[in-house]
Amino acid sequence: EKRIGMLRLATSSFRKPLGNPRNSSFSPFRSISTESKVQFNDKLTFYLNGKKTELNGKDIQPDEPLINYIRTGANLTGTKLTCGEGGCGACTVTLSHYDQSTKKVINRAVNSCLVPLCYVNGMEVTTVEGIGSIHKELHPVQERMSIWGGSQCGFCTPGFIMSMYTSLKNDPNPEIEPFRKSMDGNLCRCTGYRPIVDVAKSFCSDTKESVKAPEDREFAPYNPDKDPKFPEELKNTNAFSTPLKIGNDRAVWYAPSTLSQLLQLRAEHPTSSIISGSTELGIEFRFKGASFPVLLSPMNIPELSHLEFKENGIHIGSAVTLERLSRELADYKKKLSKDKAHRSRTIDALLDQLHWFAGTQIRNVATVGGNIVNASPISDLNPVFLAVNAKFVAASSTKSPFEIASKDFWVSYKKVKLEPSEILLSIEVPWNEKNEYVEAYKQSRRREDDIAIVTSGMSLKLDPQNKISSVKLGFGGMAPTSILAPKTEKSLIGLPLTMDTFEKGVNQLQKEIGLSGDRVPGGQAEFRTALALSFFYKFFVSILSKVDPKAIDAKDLSATMKSYEPVTPTGTQTFDVDIRGTSVGKSEPHLSAKKHTTGEARYVDDIPKQTDELIAQMVLSKRGHAKILNVDIQEALKIKGVAGIYTAKDIPGKNLWGDVIADEEILASKEVLHYGQPIAVVLAENELIAKEAVKAVKVEYEDLPAIYSIEEAIKKDSFFPVNHGIHHGDVEKAMKESEHVVEGELKMGGQEQFYFETNGTLSVPDEDDFYIYTSSQNANKTQKFVATCLGVPANQVVTKVPRLGGGFGGKETRNVNFSAIAALGSYYTRKPVRLMLERDVDMTVTGGRHPFISQYKVGFNSDGKINAVDLALFSNGGISHDLSVAVLDRALLFCDSSYHIPNLKNVGRIARTNVASNTAFRGFGGPQGHLAAEAYVEHVASYLNLPVEVVREKNLYKEGERTYYGFPVTKNVKRSWDECKKTSQFEERYNAVQKFNSENRHRKRGITMMPAKYGVAFNAQFLNQGGALLHVYLDGTVMVSHGGVEMGQGLNTKVAQIVASELGIHLSHVKIKEMATDKIPNASPSAASMSTDIYGAAALDAAKIIKERLAPYKNANPNATFAEIAVKAYFDRVSLSSQGFFKSPHKGYDMVTNKGDPWRYFTLGTACTEVEVDCLTGDHKILRTDLVLDIGESINPTIDIGQIEGAFMQGSGWVSIEELVWGDEEHSWVKPAGRLQTAGPGTYKIPSADDIPADWRVSLLKAEPDPTKETVPVMSSKAVGEPPLLLGLSTYFAIKEAVKAHREQEGLKGHFPVNSPFTSERIRMACADKFTQLAAGKDHTSFVSKGSF
């Protein structure tokens, strides 16, 4: 398959794997000649958290990742499996080994989901459980993460803990930049990273004084002497000097200790896979089901790990890790003498690429040789090797070492110039000469831990007359291999170093390597071409600026800048909150925070294995739309260990489910409607057997016509029968009377929730009952559809939700069917069944935020006052209704942003397509409606040539005005705007941005202010209710059960604070139990930002009931403790148990009649965001964001600010870097049609810590509730989960302001449409210039990027 960019660059595999050995008579474990000469050790020995572990080699699967043993073999479930491809860092552990040559312990943070178990022989493995425990003592990293609010859902937390712990082991007194860099392989979806960065700062010598803990809490100093000690036995025994052989008849792992052993093994197994850190083979194993009969590890061979700086260049052993190469290059550079300072150019080029090469965990194990021989066409390093004329040294058992020129090494896609028996020994990198210049470039979708779109290495040598004597232009991402541009290089030889020479060269370069057409693998042909040309320009200007500075206009010097340098972000949080009672208003740590940091918080897949438990795997559709002709399970049933396979015909109850309308099959019966739709479920003794059986199930299809996008649905009139809309005022008349009218369109992409804990269910049968442990926001619907699927009454199904590793709406409905599928297995086998979705499956089958198209017509006056808006919204619903109607309704109610539009008409349609049904996601249609509104406001401002803030402020709601659906607005819309304008110093910074833009041609800044209001309530009025159960025990402690689900938002902490304050007891005396339907029936889902409003109020009601019952005893004994009062009441036979209930008093809204009140109140706010854009690459950086919000009187400021920051970054990510791509009409290179291409962190990019604002200021308005205009919520605290996400959309408009500045510089005036997300591709192509013209042709100024991967 020639899909550029599908595989990670940071690979350690030297050869593609064989097929399944079951189809061959070859047995890898047969006696071989090497074994007759060498004594192999057949036991795996390592230490795990200080305890020695010895495993029999024949009991190990050689390609099994370390995490499998950690979680299932050692039952250490703190290490989390989130992505399985080394792209998120949740599985990070510390590997330590003793270097006999330096007599030092080497500590490395690694991805345990990729590193094979066999790799750790002779090492110590430390997991999060090994450094601290809530039952003993927390490590300082764990303690500070819990205090600072660095943990929300907690699923990513162990990974961050271990990355920081490892870094401290290597440097107990670090500086912030290298310390923060050690976490570049860790992602978080909840927090927005700022509190995690603050924790990091607290350990660093140069930043520890700049941060303080919430509530000024004290924390223990870090004492490295208290860290676990490296085992002495591993120092005294050199396990690496003894060759290792691990395996069985399925596969075998060899770890030879000498080069001759490796070469001989390779000769005897020429199709073996050479494996180092398994950073690619691990992905092949987990996601593609590949098997590897023979694995050869070169890591114990001294020659291959040798790194030496010689007089003629750098000698790099092929097994040198990327991180070690980076570290030693930087060290050598510091020691260069003056006469050798020019060597730093080659070093800097390599360091530039290594800096952004994957994440630390990958670089710690991935090798230079692995990257080279993997032959990825988008390798970061290979173009640099081409540019510097590197030589690769290879050998075999019969051939002495020989050189291969780098230009000859990559022969075709994923193919290299090595015979099967040959291996790469080393890389020889020559030093550049004094008159030779070397540079390297890379552009990706996200700076940190991302593969390149285009990467480049270039070198140029000048003669004494400054004429070009040699030049090498290396590129990745422009062909099936890394390439040079020999024709362009030849055309430049002998020419002077001038911009005229550049012009000749760039035109030739476009002809030589330019891409075009829609079927280019990976897409983005025009963007990739523009990048290559822009890199060449950057290179030329960079050299000229050094050689002949006067030849370069000062405005052009910004072209010499590389990727945005890492900046340690700063943040301030400003609030004035009154303390109410014993706890409410305090920044109490999340109740589960300590458990999160130690790995002791239990999620569904952490529940211990049950007796006779079976593992479920689903058979998924491989077609986008097709008839099912036959499902043959017979061969699969023959596989030993398979306990059963069930299809739609086996469902004893109803095969339909759906949140509002049951219109989707649990298991497809006659027709598959989207790629990945479940067809059958396989039950087996373990995961490997289950996966093997899934492969053996044969499904015959007959393809049917399919529709994947809104555009296709419009063409074919494929819609659900819903036509909702609101008509306020006389739009037609106002439009005619307006001085100006504009029309436009905006396309908005979808968004993946990317909760870190994928969907999972454990179904446990018990007599007639079924206990369903699930990661769901909606226990009630889970109970309902498990019961209807099995044909049993609801009271025989109990749903339990311990906690969620993130939800964001994605677990409100789209996991109910998986619980039903697991329960179906339990129904037939009467055994526990565990079904856990892998990341790619989860993303493929669950759906995300709805893509939208907004079409608008706006009437307005010359002063910017908007008179009328006519708006049509189209959403992509997918195959079923799910929640699409409610999502659309909310979008229709957000079409005014925060602006008073006297005449507004909107209508919405839902496209029926062949993609997994899109569903709830934080904001629930609100962000789409808000972005649609801000887009037409920006269009008005652009048309009038006014700053968009002028138009926004002109149309802001005033106190007492009502929305187009009749809901009153408070003064806090204008109040938050004015406060943000003042505290952000907007006007001063706006002028500074204009000055910057006038002085820089190729970097531009944009600054914008944007308001937001978010209506809070469920659309469906009946859902605005909830219950709680409260028990008081005789020791004075309290237990609360409520219908809400804790998923990181701090719900349980807030509920506990409310109860503690109402009863006058300490927070530690209140315990919140897991959500369970046998405690709280018919619970509304934890969604719509209503959980604290509903369940906090219900718990408050229950506490008030208890308080009232205890009042006589308190009055009679005013000095008695709460426990003493409870005892007195108990002996007086007073019930110490109460049931609380809450229902919202607001009326609700009817979208058909357009009557009623849709909300309880508005949460309001304003953002001021400033960005900088590299107009030559499309890269961007948020320089500063100021957020001012009215969230009432906060219950817990630290938790609320954490929600604000996390929501902001999700909104910012949606409109900038997060892009979903399916195989549709615009992406015909994605095969098969309908497949989600971006189904994992390798291809789908959520923001990293490097993407947050460099300066981030959050301020909470002092509460001024107005009960005449809005419902006062529980404890006067407004909802905060979703509203701040709208403010994240300011990133889009700040980017657009920057791009606008570039276009005006190029003479391009007026409005220009850009679809969302505003990716690097869309930024670069909107910054139209001579390079985009060369890449996209004469229509480049209006080029529409299709988006791609």
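Note that the structure is a prediction, hence the values are computed from the model and not measured. (Residues numbered from 1 in each chain as written. Predicted model: local features only at pLDDT ≥ 70, side-chain atom pairs only at ≥ 80, totals over all residues. Heavy atoms only, no water.)

Further remarks concern the overall build of the chain. Of the regular secondary structure elements, the chain holds 39 helices and 49 strands. Taken over C-alpha atoms, the radius of gyration comes to 31 Å for the chain, in line with the 34 Å a tight globule of 1349 residues would show. Oriented by its inertia axes, the alpha-carbon framework of the chain measures out at about 90 × 75 × 65 Å. When contacts within the chain are restricted to residue pairs at least 6 apart in sequence, long-range pairs at least 24 apart make up 79% of them. Put simply, the chain shows about 45200 Å² of open surface, and 50% of that area lies on carbon and sulfur atoms. Across the chain, 160 positive and 159 negative side-chain charges occur, with their mean positions spaced 2 Å apart. (Helix = DSSP H or I, 4+ residues; strand = E, 2+ residues; numbered from the N terminus. Rg over C-alpha atoms; globule rule 2.2 N^0.38 Å. Contact = heavy atoms within 4.5 Å. Areas by Shrake-Rupley, 256 points an atom, 1.4 Å probe, with all protein chains shown as cover. Lys, Arg positive; Asp, Glu negative; His and termini not counted. Charge placed at Lys NZ, Arg CZ, Asp CG, Glu CD.)

Topologically, Q361 is positioned in helix 12 (residues 360-363). Classification of Q361 as buried rests on a relative accessible area of 2%. Of note is the side chain of Q361, whose polar atom sits 3.0 Å from the side chain of N186. If near-sequence neighbours (up to four positions away) are discounted, Q361 is found in contact with G89, T92, A109, V110, N111, S163, G185 and N186. (Buried < 20%, exposed > 50% of the residue type's maximum accessible area, 1.4 Å probe, protein only. Polar contact = N/O pair within 3.5 Å; in protein donor to acceptor, adjacent residues only side chain to side chain.)

Turning our eyes to something else, we now look at the environment of D1035. Looking at the element boundaries, D1035 is found in the loop between strand 40 (1025-1032) and strand 41 (1038-1042). Separated by 126 residues in sequence, D1035 and Y1161 place their C-alpha atoms 40 Å apart. A polar contact is formed between the side chain of D1035 and the side chain of T1037, at a distance of 2.6 Å.

A few words now on the pairing of strand 37 (residues 866-878). Most of strand 37 is tucked away: twelve of the 13 residues are buried. Bridge analysis of strand 36 (residues 852-860) against strand 37 gives nine bridges, and the strand direction is antiparallel. Bridge pairing in strand 37 links I853 to F874. The turn joining strand 36 and strand 37, which pair antiparallel and follow one another in sequence, is formed by five residues; a positive phi near 95° is taken by G864. When strand 37 meets strand 38 (residues 903-912), the two strands line up parallel, connected through ten bridges. Note that in strand 38 the partner of L873 across the bridge is G908. Regarding topology, helix 27 (residues 884-892) serves as the crossover connection from strand 37 to the parallel strand 38, and that connection is right-handed. (Pairing = 2+ DSSP bridges. Right-handed = clockwise from strand over helix to strand, strands pointing away.)

Of all residues in the chain, 97% have pLDDT values of 70 or greater, and the mean over the chain is 94. Across residues 1-32, where pLDDT falls below 50, the model places 132 contacts with residues more than four positions away in sequence or in other chains. (pLDDT = per-residue confidence, 0-100.)

Let us now look at the packing of helix 24 (residues 779-790) against helix 25 (residues 816-829). Between helix 24 and helix 25, whose axes approach to 9 Å, the crossing angle comes to 45°. Relative to helix 25, the element helix 24 is oriented oblique. For helix 24 against helix 25, the interelement crossing comes out right-handed. Contacts from K781, T782, F785, V786, C789 and L790 in helix 24 reach V816, S819, A820, A823, L824 and Y827 in helix 25. (Axes fitted to C-alpha atoms, helices over the stretch in contact; angles between N-to-C directions. Parallel < 35°, antiparallel > 145°, perpendicular 65-115°, else oblique. Left-handed = near helix turned anticlockwise from the far one by under 90°.)

Before going further, it helps to examine helix 34 (residues 1122-1131). An α-helix turns once every 3.6 residues. As a result, residues three or four positions apart point the same way. For helix 34, the complete set of buried residues consists of F1122, A1123, I1125, A1126 and A1129. The arc enclosing the buried residues of helix 34, seen along the axis, measures out at 160°, which places them on a common side. Looking at the buried side of helix 34, the elements it contacts are strand 40, strand 41, helix 32 (1051-1063) and helix 33 (1091-1116). With its phi angle positive at about 60°, R1133 sits one or two positions after the end of helix 34. (Arc of directions from axis to C-beta.)

This next bit is on unusual backbone geometry. With an omega dihedral of -10°, the bond running from K1231 to P1232 counts as a cis peptide bond. Mapping P1232 onto the fold places it in the loop between helix 35 (1197-1214) and strand 49 (1255-1260). Geometrically, the link from S1316 to P1317 is a cis peptide bond, its omega value of 10° lying close to zero. Along the chain, P1317 falls in the loop between helix 37 (1290-1305) and helix 38 (1320-1326). In this model, N466 sits at a positive phi of 60°, which is unusual for a non-glycine residue.

Moving on: the pattern of salt bridges. Taken as a whole and judged by the stated rule, the model has 84 salt bridges. Notably, a salt bridge pairs E137 with K226, separated by 3.0 Å at the nearest N-O pair. Of this pair, E137 sits in the loop between strand 5 (124-126) and helix 3 (140-148) while K226 sits in the loop between helix 6 (194-201) and helix 7 (232-236), and the two are 89 residues apart along the sequence. Exposure remark for K226: the relative accessible area of 55% places this residue in the exposed category. Between D184 and R363 there is a salt bridge whose closest N-O contact spans 3.0 Å. One end of the pair, D184, is in the loop between helix 5 (176-181) and helix 6; the other, R363, is in helix 12, with 179 residues separating them in the sequence. Each member of the pair, D184 as well as R363, is classed as buried. Through salt bridges with shared partners, one network takes in R71, K80, D605, D606, E613 and R834. (Salt bridge = Lys/Arg side-chain N within 4 Å of Asp/Glu carboxyl O.)

As a further point, take empty space enclosed by the protein. If a probe the size of a water molecule is rolled over the atoms, the empty space left behind becomes visible. The space that makes up the largest cavity amounts to roughly 120 Å³. At the level of elements, helix 6 and helix 35 are the ones that each hand at least two residues to the lining of the largest cavity. It is helix 35 that contributes the most residues to the lining of the largest cavity, four residues altogether. Looking at the lining of the largest cavity residue by residue, the class counts come to four nonpolar, ten polar and two charged. (1 Å grid on protein atoms, 1.4 Å probe; cavity = no way out; pocket = protein on both sides within 12 Å on 5 of 7 lines; lining within 4 Å. Points joined across faces, edges and corners; volume = space filled by probe spheres on them. Nonpolar A, V, L, I, M, F, W, Y, C, P; charged D, E, K, R; others polar.)

Counted under the stated rule, the structure contains 37 aromatic pairs. Centroid distance F46 to Y69: 5.9 Å. Interplanar angle 85°. Geometry classified as edge-to-face. With F46 in strand 1 (residues 43-48) and Y69 in helix 2 (residues 66-73), this residue pair connects regions lying 23 residues apart in the sequence. The pair F46 / Y69 is uniform in exposure class, with both members buried. (Phe/Tyr/Trp six-rings, centres within 6.5 Å; stacked < 30°, edge-to-face > 60°.)

Counting residues in each nonpolar core, the largest one holds 203 residues, and the members touching the most others are Y936 and V1038. With eleven residues, the top contributor of residues to this core is helix 33. When residues no more than four places from it in sequence are discounted, the contact partners of Y936 are Y856, V858, I866, V869, C895, D896, I901 and L904. Membership of the second largest hydrophobic core comes to 48 residues, among which are L55, I60, I70 and C118. (Core = buried A, V, L, I, M, F, W, Y, C linked by side-chain atoms within 4.5 Å.)

Quick look at the state of the cysteines now. All told, the structure shown has zero disulfides when counted by the stated rule. Of all cysteine sulfurs, the one in C153 lies closest to C190, which takes part in no disulfide; the gap is 3.7 Å. Overall, C190 belongs to the buried group, its relative accessible area being 5%. C980 takes part in no disulfide bond, and the closest cysteine sulfur, belonging to C1168, lies 5.4 Å away. The exposure class assigned to C980 is buried, which follows from its relative accessible area of 0%. (Disulfide = S-S within 2.5 Å.)

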